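One letter stands for each residue in the lines below.
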Amino acid sequence: QVRLVESGGGLVQPGGSLRLSCAASGGTIFRFNRLGWYRQAAGKQRELVATITSDGKINYADFVKGRFTISRDNAKNTVFLQMNTLKPEDTAVYLCNGLQGTLFYWGQGTQVTVSS
């Protein structure tokens, strides 16, 4: 069964950058119609950050436009989220999501903390 595994989270100062990775194991990212990143801050609902479809269409939440970039490397079987100009309000657990037909696959999440 395919698994999505995130990495790259950590503690960063405001204005800093992080690059998150989501690797698919037990399968390829080609099986997913859409891959994306969501986040969930403590006490808040999960929210969409960015998605990329199998044919390369990209969608961003308004609050990350111009700061975050989603991309995929098919050869590495990985989807990335480059996060620049991070703000304290970006602090959350970031989760990778894969949509295959009507099935959702989730990674375990990686913590991103933006603090001075």
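Above this note sits the structure.
Report follows, based on the coordinates. All values reported here derive from a predicted model rather than from experimental measurement.

What counts, and at which threshold
- Residues numbered from 1 in each chain as written.
- Predicted model: local features only at pLDDT ≥ 70, side-chain atom pairs only at ≥ 80, totals over all residues.
- Heavy atoms only, no water.
- Salt bridge = Lys/Arg side-chain N within 4 Å of Asp/Glu carboxyl O.
- Helix = DSSP H or I, 4+ residues; strand = E, 2+ residues; numbered from the N terminus.
- Buried < 20%, exposed > 50% of the residue type's maximum accessible area, 1.4 Å probe, protein only.
- Disulfide = S-S within 2.5 Å.

**Points about the pattern of salt bridges**
Link 1 in the chain: As enumerated under the stated definition, the model contains four salt bridges in all.
Link 2 in the chain: The salt bridge involving Asp-90 is made with Arg-39; its shortest N-O contact spans 2.9 Å. Of this pair, Asp-90 sits in the loop between strand S8 (78-83) and strand S9 (92-100) while Arg-39 sits in strand S4 (residues 34-40), placing them 51 residues apart in sequence. Note on accessibility: Asp-90 and Arg-39 belong to one class, buried.
Link 3 in the chain: When the shortest N-O distance is used, the salt bridge between Lys-65 and Asp-62 registers 3.1 Å.
Link 4 in the chain: Looking at Asp-62, the relative accessible area reads 63%, which means it is exposed.
Link 5 in the chain: Several salt bridges converge on common partners, so that one network encompasses Arg-39, Glu-47, Arg-67 and Asp-90.

**Details of the state of the cysteines**
Link 1 in the chain: For the structure on display, the rule yields one disulfide.
Link 2 in the chain: A sulfur-sulfur distance of 2.0 Å marks the disulfide that ties Cys-22 to Cys-96. Torsion about the S-S bond of the Cys-22 and Cys-96 cystine: about -80°, corresponding to left-handed handedness. Linking Cys-22 in strand S3 (residues 18-25) with Cys-96 in strand S9, this pair joins segments that are 74 residues apart in sequence.
Link 3 in the chain: Residue classification places Cys-22 among the buried residues on the basis of a relative accessible area of 1%.
Link 4 in the chain: Given the relative accessible area of 0%, Cys-96 is considered buried.

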